[in-house]
Every structure is written in structure tokens, then in C-alpha cells.
Amino acid sequence: MPPDILCFGEALGEFNQTIPREPTYLFGFGGDTSNCAIAAARSGASVGVIGAVGDDTFGQAFLDLWRAEGIDISAMRMPPQSETGIYFITHGPNGHEFAYRRAGSAAARFTSADLPVPAIRAAKILHVSGISQAISPSASAAVRLAIAEARAAGVTVSYDTNLRLRLWPLERAREVTNEAMRLADIALPGLDDARQLTGRDTADAIADFYLEGGSKIVALTLGREGALIATRDERRVIPSIRVGAVDATGAGDCFDGAFLAEWLATGDPFQAGRYACAAAALSTTGYGAVTPLPRRAAVLAALG
């Protein structure tokens, strides 16, 4: 059986600083759509990944990780003599900071010709993000084609803006991500990103922007305050649960995967929002993007 949720994007090897101001790092796994895929799989969904990883130690580690998580990798490419991007996380008084080494990676060289169209057409949800479009022109074009193929096949499109201004200027990001959001059924922006991308300040105004643009569901994350879930008929602020947070890396990606898994299971965006807020909060109680991603039983226990 083909996977229900397909996540298309860039996987990155992660080196997370374990001792402040010391060059001591713990290797892990990152990349927003990979994190989303793992979060969805741990929430019980049938998940697959598409894109490209390098023909190197990091790329093989990702393939092993996804297999261990029960994620379908049949449409993932590993071009010969290619490299997987990596990034470093440091922790200081201003929170966590990122440094990336991804230029020329296998994911950045992905093209429309590499796209596994039959896999996309067989899915129930295609999830992509702004990062997937920011890393290179060819990857951006591939995302546009993936969205078009999904829509033509009646596949639900999910999009997270995930704005990274180190990758492209704001005006270009606005142009590309707002176009993609107009074609997305489920909009998954974060509040700070959405303020820059839409020019609107309040959560309600941002939700209106995306709903008026064409999205059917907006799940706007509000950090520690939870999320605003909005449809054309109803909207609710879903509070987060309180936890002892130590590292917010990947929390938004966790929200995405948990939301999509629960929405696919229940058809209720508000129930999905409640579940995803709890999952995202739990993901901040450990270090790194993947290790703290909670499994369904832990999320349900936290919700009581």
C-alpha cells in the first residue's frame, strides 16, 4: 500500500551543541519535512518521504532512520557522489542559533525530472515547505510541479512557510510562499514568519489572509500560546500544555506531522490542533530535532 502522507523536502545532518561555549556536539537528524514525517509516523500515520540525500554516511544514516521509523523510502533518491547537507546548533542567552552547510547538496540539486509523480498521485496528503523552495531554483520548481500533480489527482496539499531569510530575500520568499499557500488546502505557518510574509500583525488577520487566498484550513502556531485553528466556518485558539522546555528545535515540524496524522485519522482540524499542540510541547523537553519527538501514547497521556 502506498503511504498516506508524503513529505517532500530536504534532510539535514544535525550537530547539536551539548555544552554551552564548548565545541562539543551530539549528532542527530534534521530537516523540516523529515522531522514532520517522523512526527506523523510516531503518531500512527502511514508516511513516506521523497527527495534526495547524499551518497555518504549521513545519507545512509537517514535511510536507516526512516526504515526504523516505518517510513516508506522507495521514492527517495541517493545520487552517486552527492552530499547530504548538515547544520550546527549552538545555545546561548538568545536561545538556539543555527549554522548551515548545505550548498550543492543532493536535496538542492533535486529537479522536476527527479519527481516521483506516481507516488504523489497515490498519496492522500502531500506536505512541502518554504525551505524546500528556498534551497535552489530547481528544488523550487520541483515543489511547484509536485503541488500541481497533487492537486490534479485530488491529493490534499499541506504547506509550512518555514521562512529562512538566510536562504532568500523576503520579497522573493513572499512571492513564492504566498503563491504556494494559495494552492494549499492546509496552511501551516508560524506567527512570526506569517507576519513578515503577509504584512498582517494579528493571528486572526493572518488566518483571514490565507483563508481568503484559498486555504481550507489554517493552523497558525503561536509558540507557547498554542495555535489558532481556522476554517471558513469556525476558528479556535487551542492552548498548549505546560512542560519544562529545554530546546525548541523542530517543534514546529512536530506540530505539522502530528496535526496531519490526527487530521487524517479524525477529519477534525480542531481535534488535530489540540493533539498537535501537545505533541509540539512535548518535543521541546529534550535536545535535538528527532529524539524528543513524542509517540502517540505519550501525547494522549499528556492530554489526559
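Keep in mind it's a predicted model, so treat the numbers as computed, not measured. (Residues numbered from 1 in each chain as written. Predicted model: local features only at pLDDT ≥ 70, side-chain atom pairs only at ≥ 80, totals over all residues. Heavy atoms only, no water.)

## A word on the pattern of salt bridges
Selection rule: What makes a salt bridge here is a side-chain nitrogen of Lys or Arg within 4 Å of a carboxyl oxygen of Asp or Glu, nothing more. The secondary structure listing takes helices from DSSP runs of H or I that are at least 4 residues long and strands from runs of E that are at least 2 residues long, numbered from the N terminus. Relative accessibility under 20% of the residue-type maximum defines a buried residue, over 50% an exposed one, and the middle range a partly exposed one, all with a 1.4 Å probe and only protein chains included.
Applying the stated rule across the entire model yields 17 salt bridges. Arg77 serves as the salt-bridge partner of Asp114, at 3.7 Å between the closest nitrogen and oxygen. In this pair, Asp114 sits in the loop between strand E7 (95–101) and helix H3 (117–122) while Arg77 sits in strand E5 (residues 76–77), placing the two residues 37 residues apart along the sequence. The exposure class assigned to Asp114 is partly exposed, which follows from its relative accessible area of 21%. On the basis of relative accessible area, Arg77 is assigned to the partly exposed category, the value being 31%. Linking Arg235 and Asp208 is a salt bridge whose minimum nitrogen-to-oxygen distance equals 2.7 Å. Pair noted here: Arg235 is in strand E13 (residues 235–238) and Asp208 is in helix H8 (residues 203–213), with a separation of 27 residues, a long-range link.

## Examining the pairing of strand E8 (residues 125–129)
Quick note on the threshold: Whether two strands pair comes down to DSSP finding at least two bridges between them.
With 5 of its 5 residues buried, E8 lies for the most part within the structure. Neither face of E8 is open: one carries Ile125, His127 and Ser129, the other Leu126 and Val128, and all of them are buried. Bridge count between strand E1 (residues 5–8) and E8: 3 bridges; the pairing is parallel. Among the inter-strand pairings, Leu6 is bridged to a residue of E8, identified as Leu126. In the sheet, E8 pairs with strand E9 (residues 156–160) via 5 bridges, with the strands oriented parallel. Following the sheet pairing, Val128 is matched in E9 by Tyr159.

## Re the packing of helix H10 (residues 269–283) against helix H11 (residues 296–303)
Axes are the key here: two packed helices are described by the angle between their axes and the distance separating the axes. Inclusion rule: Think of each axis as a best-fit line through the C-alpha atoms, taken over the contacting stretch in the case of a helix, with angles from 0 to 180 degrees between the N-to-C directions. Throughout, the term roughly parallel applies to angles under 35 degrees, roughly antiparallel to angles over 145, roughly perpendicular to angles from 65 to 115, and oblique to all others. It only takes one pair of heavy atoms within 4.5 Å for two residues to be counted as in contact. Under the grouping applied here, Gly and all other residues not named as nonpolar or charged are polar, the nonpolar ones being Ala, Val, Leu, Ile, Met, Phe, Trp, Tyr, Cys and Pro and the charged ones Asp, Glu, Lys and Arg.
Taken N-terminus to C-terminus, the directions of H10 and H11 make an angle of 105°; their axes are 9 Å apart at the nearest point. With respect to their mutual orientation, H10 and H11 come out roughly perpendicular. When H10 is examined against H11, the residues Arg274, Tyr275, Ala278, Ala279 and Leu282 are found in contact with a partner set consisting of Arg296, Ala298, Val299, Leu300, Ala302 and Leu303. Tallied by class, residues from the contact of H10 with H11 come to 9 nonpolar, no polar and 2 charged.

## Quick notes on the sheet that holds E8
Ordered by their spatial adjacency, 9 strands build an open sheet running E5-E4-E1-E8-E9-E10-E11-E12-E13, and the pairing between neighbours is mixed. Taken across any chain shown, the strands that pair with only one partner, and hence form the sheet edges, are E5 and E13. The sheet contact formed by E9 and strand E10 (residues 186–187) spans 2 bridges and is parallel. Bridge pairing links Ser158 to Ile186 in E10. The strands that helix H5 (residues 137–152) touches are E1, E8 and E9; relative to E8, the one it contacts most, it runs at about 160°.

In short, geometric facts, not functional conclusions.
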